[in-house]
Structure formats: structure tokens, C-alpha cells
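Coordinate inspection notes
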Amino acid sequence: MVDHKDISKIRHSFPGLEQEIYGGKKLVYLDNAATTQRPSEVIKIFADHSLYSNANIHRGVHYLSRKATEAHEEARQYVADLIHADEAAEVLFTRGTTEGINLVAGTFCRTFMRPGDEVIVTEMEHHSNIVPWQMVEETYGIKVQACRVNDDGTLDMEHLRELIGERTKMIALCFSSNVLGTVNPVREVARMAHDRGIAVLVDAAQTIAHRAVDVRELDCDFLAFSGHKVYGPTGIGVLYGKRKWLEKLPPYQGGGEMISHVSFEGTSYGEIPYKYEAGTPDFIGSVALQRALQFVSEIGYDTIREQEENLLAYATEKLAAVPDLKIYGTAPDKEPVISFLIDGVHPYDLGTLLDRMGIAVRTGHHCAQPLMERFGIEGTLRASFAVYNTREEVDAFVDALNRLIPMLKK
């Protein structure tokens, strides 16, 4: 059992969690699947590098440029080691998961797919892993297929097997659902795909803060995540790709940084990873992301999993006693996310009143409208937990629900 003192120590790094809002209501932040809070250590290193290492990286011969370049490339190596990439060159810095998926969708389809070829996604995907494929569907004449989700929120593996065919070139799926919390069997999917010569992209945005990600063990071809989902800054993310793919795919954008030589007779591109990083990269964001990932490593994924699993079980048990409440997503292995509805109560109304009581949750379709359609609903109220949340906060959340629901049902 994680000691309460350990959580208090972790929370000490997040002074924003101790603030009071609306005239004395203590903030209870349960919107971590959208964005986690940032620890002081991350904010400090972001500020320090902004003050003392603010110079454009690569090619600069002066001290600040060299210092910033070294820090940026050290961050790349740190990420590569953390996710067990074979080399740092397989780690690309992006603006986030969305840009990473768009990069793969655009370059992969342009290079390896022909009209009539197919991409398989799932019904539980975030829009960021649906819309980019639909855009290339319109451009290149490919076909996007959707694997069904079972009633408990697990992936219908039998349907996936049925969908895989001779024209399938890519399977793109989330490691964990941002709505259901479901953790997908990525390794099994990769094994099925690779037996047929199919590439696999993994959206790990909802996973990286909660459990270790090992791209060798998963054997995925691409994997993307965002800094702001793992206690880091916004506007920075990572796309991992196996060298065999990155060397074959064309650049995503053109401009500075990604070139080898430019002339009006023709341009040659740089080596990976640089040929995918056009323009000035977020060289301060990369260092702050490294510090966020170090923060997670210092706590330890085992500690994080234990704390979050305890919170999830406790919150699920408490919510089960709330009248007319239905939880969407009951897979046996899930991340600390609970999406639910109260019969006769609109989630937006409930979320708005919870906010006035100091409790931050998310309402709506959570950028997963096809999943909402699959369950025949317009949206849910979602509470999502992080390692810094406590049972006392769960109690405050459930107590507020029990006070508000009778008011909204009148």
C-alpha cells in the first residue's frame, strides 16, 4: 500500500493543487486525462532554460547554442532510453500526439498505400487517430475500417481478425482509451499484424503517465505521446518510429533544420530524426519534457500503478452506490478513468455544478464521438485520476454528486 506520506510528498510538488477557488472551495482536480498538472521541478527547468539557455539549436558555434543543443539531444536520448528505442534517432519531437499521427498518416499513405488499401482503427479512438486517416482517405482513395468495441469496453478481437485482409496496410489503435480506460492488447495486435506484413501505430497519450512503455516489447512500428499528459508542458510530444520506416518515409514538412543541401536544382534531406523536424524545434519544451519523465521515473511506475489502481477501485466502489449511475468501460484492466452518466441528469449540468463546488471533471464526447455513437449516447461525465489524487478527493467528489443529483432531478 502506498503510504499517505508518500502522496503528500508528491503533492508538495504541485502547489496549484492546494489552491482554493470560488471563495474557499478547495480544488479537486479530476481532469487528468485531458491535461495533468505540472510539478514545480518541470516549471523551474522550463524557466531556467528560458533564461540561461535560450538560443537556437544546431549549427550555432556560440556557447548558448551549443548548450541548448546538448540539452535538446540529451532529452531525445533520455526518451529513447525510457521507451527502449533501439537508438535516439528513432525519437522525433513533435507538438504532440496529434501531430505525430498526422505525420505518419500523411507520409505512410503517400509512400506505401494505393487506392483501395485499408487502414484499421477502432471505435474507441480519439479523433486524433481517426480524422488524419479520413483526410488521407479523401486524398489517396484508401479505406478506413473500424474495429468494434464490446459492451464492456474491450476490443472485439474476433472482429479485428475478420477485418484484416490482403489490402490492410496499417492498424492504428490507442494503447489506452481516454473514455473507457481500456488497455488494449497491443502486443497481440502487433503479432497478428506483422504476420501479414502490416504496420502498427500506437497512440500512447493516455498510457505514458500510468505505466511503462517498451516499444521493443510491444513491437509497434510507430508510437506517439504528448508531454502535457505526463506532467510536462503543452506543445511538445514524441513520435517513435522504427528506423526501417523512418528511412523510407518522406519528410512531413519542408524548411530549415530538415535539409542536407538546398539549391534551385534540387534539395537533399537530412538524416533521421532531423528530416522530420522542420523549423526551430521546441528546444526548451524537450528539456522540460525530459524533466517530467524523470519525475515519473523518480516516483516509479510501480508506485504510480498501485496508487492509481487503489483510487480507481475505491472510486468505482463509491460510485456504484450512487443511484441511477452507469459507468461506461468496465474492462478488467483499465487506466484510472471513469466515464459515467446519471439517468435523468445531463452531464454538462452536473459538471457545471461540480465546478462550483471546486471539483474539476470533464463533460462531453471527449473527442470520441464515434464511441459515443456506438453506445447510443451524446457524451459522459468523466473523472480521471493521477498519482497525486487522494481518497479524500474521491470522497469529496462522490459527496458532491450525492448532494447535486437530487437537485437536478427535481
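Please refer to the structure placed before this passage.
These lines cover the structure that appears in this document, whether it is placed above or below. (Residues numbered from 1 in each chain as written. Predicted model: local features only at pLDDT ≥ 70, side-chain atom pairs only at ≥ 80, totals over all residues. Heavy atoms only, no water.)

**Notes on the environment of Q253**
Here Q253 lies in the loop between α9 (243-246) and β11 (259-263). Owing to a relative accessible area of 40%, Q253 belongs among the partly exposed residues under this scheme. For the pair formed by Q253 and K275, sequence separation is 22 residues and the distance between their alpha carbons is 8.5 Å. (Helix = DSSP H or I, 4+ residues; strand = E, 2+ residues; numbered from the N terminus. Buried < 20%, exposed > 50% of the residue type's maximum accessible area, 1.4 Å probe, protein only.)

**A closer look at the sheet that holds strand β17 (residues 380-384)**
The four strands lie next to each other as β13-β14-β17-β16, forming an open sheet whose pairing is antiparallel. Each of the sheet's edge strands pairs with one partner strand only, and the pair in question is β13 (325-328) and β16 (362-364). Taken pair by pair, the neighbouring strands of this sheet meet at an average axis angle of 30°, ignoring direction. Looking at chain direction, strand β14 (residues 337-342) and β17 are connected through four bridges and run antiparallel. (Pairing = 2+ DSSP bridges. Axes fitted to C-alpha atoms, helices over the stretch in contact; angles between N-to-C directions.)

**Some thoughts on helix α11 (residues 301-320)**
With 20 residues, α11 should reach 28 Å at 1.5 Å per residue; the first-to-last C-alpha distance of 28 Å fits that figure. Looking only at α11, the buried set comprises Y301, I304, R305, Q307, E308, L311, L312, Y314, A315 and L319. (Expected span 1.5 Å × (residues − 1).)

**Regarding unusual backbone geometry**
With omega at 5°, the peptide bond leading from I272 into P273 counts as cis. Tracing the backbone through its elements, the reader meets P273 in the loop between β12 (266-269) and α10 (283-299). Non-glycine residue R59 carries a positive phi angle of around 75°. Mapped onto the elements of the fold, R59 is located in the loop between α2 (40-52) and α3 (63-83). Although it is not a glycine, H366 adopts a positive phi angle of roughly 60°. On the secondary structure map, H366 appears in the loop between β16 and α13 (369-375). A relative accessible area of 7% means that H366 is categorised as buried.

**Considerations on the side chain of S384**
Looking at the secondary structure, you find S384 in strand β17. A relative accessible area of 1% places S384 in the buried class. Not counting the four nearest positions on each side in its chain, S384 is found in contact with L30, D31, N32, A33, P336, V337 and N389. (Contact = heavy atoms within 4.5 Å.)

Function-wise, these values are silent; they only describe arrangement.
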